[in-house]
Amino acid sequence: MGTHTAWQALKQRPRRFLASPWPWRSLAYLLCGIVPSGAVAAAVLTLLASRSSKAAPLVLPPVILALLLSGPAMARYEHWRLRLMQVDPAPGPYRRAEGAHRALQVGYGVICTVALWLIDLAVVAASLAVPAGCVIALARSGGAGWGTRAAMLAAAVVALPLAAYPLTAWAGARAALARLILAPREVELGERLVEVTRSRARLADAFELERRRIERDLHDGAQQRLVALTVVLGLARLDLPSDSAAAEQVTAAHEQAKQALTELRELIRGVHPQVLTDRGLAAAVADAAGRSPVSVDVDVALPRRLPGAVEVAAYFAVCEALANLAKHSRATRASVRGRLLDDVLVLEVHDDGMGGADPAAGSGLAGLADRVAVVDGRLLLSSPSGGPTLLRMEIPCRQTAPSG
Amino acid sequence: MQADRPLRIVLAEDSVLLREGLAGLLRRFGHTVVARVGDAPALVAAVEEHDPDIVVTDVRMPPGFSDEGLRAAIALRAGHPALPVLVLSQYVEQTYAAELLDADPRHGRGAGVGYLLKDRVGDVEEFVDAVQRVAAGGTVIDPEVVRQLLGRRRDPIDRLTPREREVLALMAEGWSNAAIARTLVVTEAAVAKHIGSILTKLDLPPATDDHRRVRAVLAYLRA
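Residues numbered from 1 in each chain as written. Chains lettered and ligands numbered in written order. Predicted model: local features only at pLDDT ≥ 70, side-chain atom pairs only at ≥ 80, totals over all residues.

Visitor: Got a minute to help me understand the overall build of chain A in this structure?
Guide: If you tally the helices and strands in chain A, you get 13 helices and 5 strands. The buried share of chain A, taken over its 404 residues, is 30%. Partitioning the intrachain contacts of chain A with sequence separation of at least 6 by distance along the chain shows that 72% fall at a separation of at least 24. (Helix = DSSP H or I, 4+ residues; strand = E, 2+ residues; numbered from the N terminus. Buried ≥ 20, exposed ≤ 12 C-beta atoms within 10 Å, placed from the backbone. Contact = placed C-beta atoms within 7 Å.)

Okay, structure coming up:
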């Protein structure tokens, strides 16, 4: 528990380290590097030995060529056996690098085949030599006295755990080197960034679906019931003498129910405006502009419906921009212009107010930027002190089917 | 309270609770609900079957729970130019009202048409009055929608006096001179004078016919 690399395991207390799988993992890691390379080396040596020494110049070039060609395969194999030494997180899938880095990958594969395995072999042999020697000597010590045999046994028992340390240390170093060369950090980071971006988009989509569901539930449930209630109360008012105490109460109840209905309608539109789903961004922005206390000219012309997430983000961003300028800018006129340019939605909100809008001042601009960022868009602001203010949103929209 | 002319009404509303409430309300005022339906195809079928005096329909209905009711209303206006249609909506959005008004095969001389927020049905007498005005060929537009429309065009409207703007809003909602005079507590002659001034300032032709005037004003506001 808690050890992700061989070197971390080494720093543990001896009993804990020796009981962990790391010594065995290290041994296995080194052995499975030695075996294939050793086999290749043995084959080459056999080939050379079976010919006369004159034939060596003829045989060597193809052997060297074969070694060079085996580089990519060895790099892949080295990456695969990293699994033994890297538990959590597991190494990602092997990727071909580009350019100079590719040369490094292949070169590392070649060096593994030619040289590094020899060091692996040396470390394994040196580490296991003492305990193995003791055990062999013990097996052959038929004529020795019991004191000698006991000493040999004790030496083996002490030497075997000690051998785990150089094995694990070297295997850890080899794994770190392989990781550095074969799994470059930038590639992994890039991959994670893509995944984070995707998951953010998925979250935004799920969030939007949930908002629509809430809107539908409120519309079909509470809103209809409240309307029905106001009808009942309205009819009750008709039947009551207008000067009665009951009429006064019913009138108050009627007014409160109507007020609740108005508030609920505003709430529902804030959750998700139906006109956006039904008619798209241009109509929804025009309607939002109609609600603004500041005079707003709307010129949004889009050739097609945009992806649902883009429409929602753009709509709420425009609403927030209009609310902001009504609150802070002291503008008398504003305009919203929207176009689709090369699959990028460009929305500009312009006002003739006093300017000086500062994203850092917490005037809602940061929230606006966040909304746009969720759909990979960006926000540009020009707001010199004294005005005018121009807010420009750019949101990329790839061609997709119109969303309902 | 009884209506001057009992109406035969087709009512389309998918919420059973509200549908029954509305039917009870209309009956209470002496009208007959000849068909109560819960979706757009049933609405069209009921109109074919009963040939009602007016259709009252919700915007959002099954199967898609989008704008089926509105689309059915638009289709009915196109297919039955003499059929008055009142659309009840949960949405203030003028986009929907504009689409309903545009679906007029007779260009301003068609049958009555109305777009009201659903909230208005709670004011039962005003609501029934709206139903009757639409059935009589009038135009009824929700005050909230008119406010939104007025918010869109500022330039010439800013030249109106506050009182003229009030009159313009009431005109756009579909009220007659007499009703506007009652609401503002002025004489009809004063209203007529305001209206003349408004039409001049907005460069609209004087129209004697109430309905045509309302539609001209609405067309102007939406332009």
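Visitor: Explain the overall build of chain B here, please?
Guide: When helices and strands are counted, chain B shows 10 helices and 6 strands. Sorting the 223 residues of chain B into buried and exposed places 50% on the buried side. Partitioning the intrachain contacts of chain B with sequence separation of at least 6 by distance along the chain shows that 67% fall at a separation of at least 24.

Visitor: Help me understand the sheet that holds strand β2 (residues 333-341) of chain A in this model?
Guide: Whether parallel or antiparallel, the strands of a sheet pair through hydrogen bonds between backbone atoms. Residue and element names in this part refer to chain A. The sheet built from 5 strands is open, its strands ordered β1-β2-β3-β5-β4 with mixed pairing. If you trace the sheet from one side to the other, it starts and ends with β1 (295-300) and β4 (378-382), each paired once. On average, adjacent strands in this sheet sit at an angle of 10 degrees to one another, irrespective of strand direction. As paired strands, β4 and strand β5 (residues 389-396) are joined by 5 bridges and run antiparallel to one another. Pairing of Arg-378 across the sheet is with Glu-394, part of β5. Taken strand by strand, helix α11 (residues 281-291) contacts β1 and β2, and its axis lies near 175 degrees from that of β1. (Pairing = 2+ DSSP bridges. Axes fitted to C-alpha atoms, helices over the stretch in contact; angles between N-to-C directions.)

Visitor: Quick question: what am I supposed to make of unusual backbone geometry here?
Guide: Excluding glycine, residues mostly have negative phi values, and the peptide bonds linking residues are mostly trans. Residue and element names in this part refer to chain B. A cis amide bond links Pro-62 to the next residue, Pro-63, at an omega of 5 degrees. Note on placement: Pro-63 falls in the loop between β3 (54-58) and α3 (68-79). Positioned with a positive phi, Asp-51 is a non-glycine residue whose angle comes to about 45 degrees. Checked against the element boundaries, Asp-51 lands in the loop between α2 (40-50) and β3. Classification of Asp-51 as partly exposed rests on a count of 13 C-beta atoms within 10 Å.

Visitor: Looking at this structure, how should I read the interface of chain A and chain B?
Guide: Interfaces are often described in size by the accessible area the parts lose on coming together. Of the residues lining the interface, 31 residues belong to chain A; the matching set on chain B comes to 27 residues. Listed by contribution, the elements that provide at least two residues to the side of chain A that touches chain B are α8 (185-239), α9 (245-271), α10 (274-279) and α11 of chain A. When residues in the side of chain A that touches chain B are grouped by element, the largest group, 13 residues, is from α8 of chain A. Looking at side-chain class alone, the side of chain A that touches chain B contains 11 nonpolar, 12 polar and 8 charged residues. (Nonpolar A, V, L, I, M, F, W, Y, C, P; charged D, E, K, R; others polar.)

Visitor: What am I meant to see in the environment of Pro-62 of chain B here?
Guide: Residues and elements named next belong to chain B. Here Pro-62 is to be found in the loop between β3 and α3. Each C-alpha atom of the pair Pro-62 and Pro-41 lies 9.3 Å from the other, and the pair is 21 residues apart in sequence. Apart from the residues lying within four places of it in its own chain, the contact partners of Pro-62 are Asp-14, Gly-38 and Asp-39.

Visitor: Is there a simple way to think about the confidence of the model for chain A in this case?
Guide: Predicted coordinates in regions of low pLDDT should not be interpreted in detail. Residue and element names in this part refer to chain A. Overall, the prediction assigns chain A a mean pLDDT of 83, with 92% of residues at 70 or greater. Ranking the elements of chain A by mean pLDDT puts helix α4 (residues 56-69) last with 76 and strand β3 (residues 344-351) first with 93. Between residues 400-404, whose pLDDT stays under 50, and residues either more than four places distant or in other chains, the model counts 6 contacts. (pLDDT = per-residue confidence, 0-100.)

Visitor: Looking at this structure, I do not really get the sheet that holds strand β1 (residues 8-12) of chain B. What am I missing?
Guide: All names here are of chain B. Strand order in the open sheet formed by 6 strands is β2-β1-β3-β4-β5-β6, with parallel pairing between adjacent strands. The open sheet terminates on both sides in strands that have one partner only, identified here as β2 (32-37) and β6 (139-141). On average, adjacent strands in this sheet sit at an angle of 20 degrees to one another, irrespective of strand direction. Pairing of strand β4 (residues 85-89) with strand β5 (residues 113-117) involves 5 bridges; the strand directions are parallel. Across the sheet, residue Leu-86 finds its bridge partner in β5, namely Gly-114.

Visitor: Looking at this structure, how should I read the pairing of β2 of chain A?
Guide: All names here are of chain A. As paired strands, β1 and β2 are joined by 6 bridges and run parallel to one another. Looking at β2, one finds that Ser-295 is bridged to Arg-333. Pairing of β2 with β3, which is carried by 8 bridges, proceeds in the antiparallel orientation. In the sheet register, Ala-334 faces β3, and the bridge partner there is Asp-351.

Visitor: Would you explain the packing of helix α7 (residues 162-173) of chain B against helix α9 (residues 188-201) of chain B in this entry?
Guide: Working note: a packed helix pair is described by the angle between its axes plus the distance between those axes. Residues and elements named next belong to chain B. Orientation of α7 relative to α9, taken along the N-to-C sense of each, is 90 degrees, at an axis distance of 10 Å. Taken as axis vectors, α7 and α9 run roughly perpendicular relative to one another. For the pair α7 and α9, contact is made by Arg-163, Glu-164, Val-167, Leu-168 and Met-171 and by Val-191, His-194, Ile-195, Ser-197 and Ile-198, respectively. (Parallel < 35°, antiparallel > 145°, perpendicular 65-115°, else oblique.)

Visitor: Is there a simple way to explain the pairing of β3 of chain B in this structure?
Guide: Regular strands have side chains that alternate between both faces of the sheet. Residues and elements named next belong to chain B. Taken across its 5 residues, β3 has 5 buried, putting it largely inside the fold. Neither face of β3 is exposed, since Ile-54, Val-56 and Asp-58 on one face and Val-55 and Thr-57 on the opposite face are all buried. Looking at chain direction, β1 and β3 are connected through 4 bridges and run parallel. Paired with Ile-9 across the bridge in β3 is Ile-54. Taking the sense of rotation as the criterion, the β-α-β connection linking β3, α3 and β4 turns out right-handed. (Right-handed = clockwise from strand over helix to strand, strands pointing away.)

Visitor: Sorry, what's going on with the nonpolar core here?
Guide: Across soluble globular proteins, nonpolar side chains show a tendency to be buried alongside one another. Residues and elements named next belong to chain A. The biggest cluster of nonpolar side chains holds 119 residues, and the ones touching the most others in it are Val-285, Ala-314 and Val-318. Examining the composition of this core, we find that 13 residues originate from one element, helix α12 (residues 308-329), more than from any other. Once residues within four sequence positions are removed from consideration, Val-318 is found in contact with Val-285, Ala-288, Val-336, Leu-347 and Val-349. If you look at the next biggest cluster of nonpolar residues, it comprises 25 residues, including Ala-75, Tyr-108, Val-124 and Ala-178. (Core = buried A, V, L, I, M, F, W, Y, C linked by C-beta atoms within 7 Å.)

Visitor: Is there a simple way to think about helix α3 (residues 22-50) of chain A in this case?
Guide: Since the α-helix advances by 3.6 residues per turn, residues separated by three or four positions end up pointing in the same direction. With 29 residues, α3 of chain A should reach 42 Å at 1.5 Å per residue; the first-to-last C-alpha distance of 41 Å fits that figure. Those residues of α3 of chain A that fall on the buried side of the exposure criterion are Trp-22, Pro-23, Arg-25, Ser-26, Tyr-29, Leu-30, Gly-33, Ile-34 and Ser-37 of chain A. (Expected span 1.5 Å × (residues − 1).)

Visitor: What is the right way to look at the packing of α3 of chain A against helix α6 (residues 99-140) of chain A in this model?
Guide: Residues and elements named next belong to chain A. The interhelical angle for the contact between α3 and α6, taken along N-to-C directions, is 125 degrees, at an axis separation of 8 Å. Comparing the axis directions of α3 and α6 gives the class oblique. α6 is crossed by α3, and the crossing has left-handed handedness. The segment α3 lies against α6, with Leu-30, Gly-33, Ile-34, Ser-37, Gly-38 and Val-40 engaging Cys-112, Thr-113, Trp-117, Asp-120, Leu-121, Val-123 and Val-124. Residue composition of the contact of α3 with α6, grouped by class: 8 nonpolar, 4 polar and 1 charged. (Left-handed = near helix turned anticlockwise from the far one by under 90°.)

Visitor: I tried to follow the confidence of the model for chain B on my own but got confused; where do I start?
Guide: Residues and elements named next belong to chain B. Here chain B averages 87 in pLDDT, while 94% of its residues score no lower than 70. Of all the helices and strands in chain B, helix α10 (residues 210-222) carries the lowest mean pLDDT, 77, while β1 carries the highest, 96. Confidence estimates for the predicted assembly give a pTM of 0.65 and an ipTM of 0.87.

Visitor: Would you explain the environment of Arg-371 of chain A in this entry?
Guide: You can see Arg-371 of chain A is positioned in helix α13 (residues 365-374). Dropping the residues within four chain positions of it, Arg-371 of chain A is found in contact with Ala-313, Phe-316 and Ala-317 of chain A.

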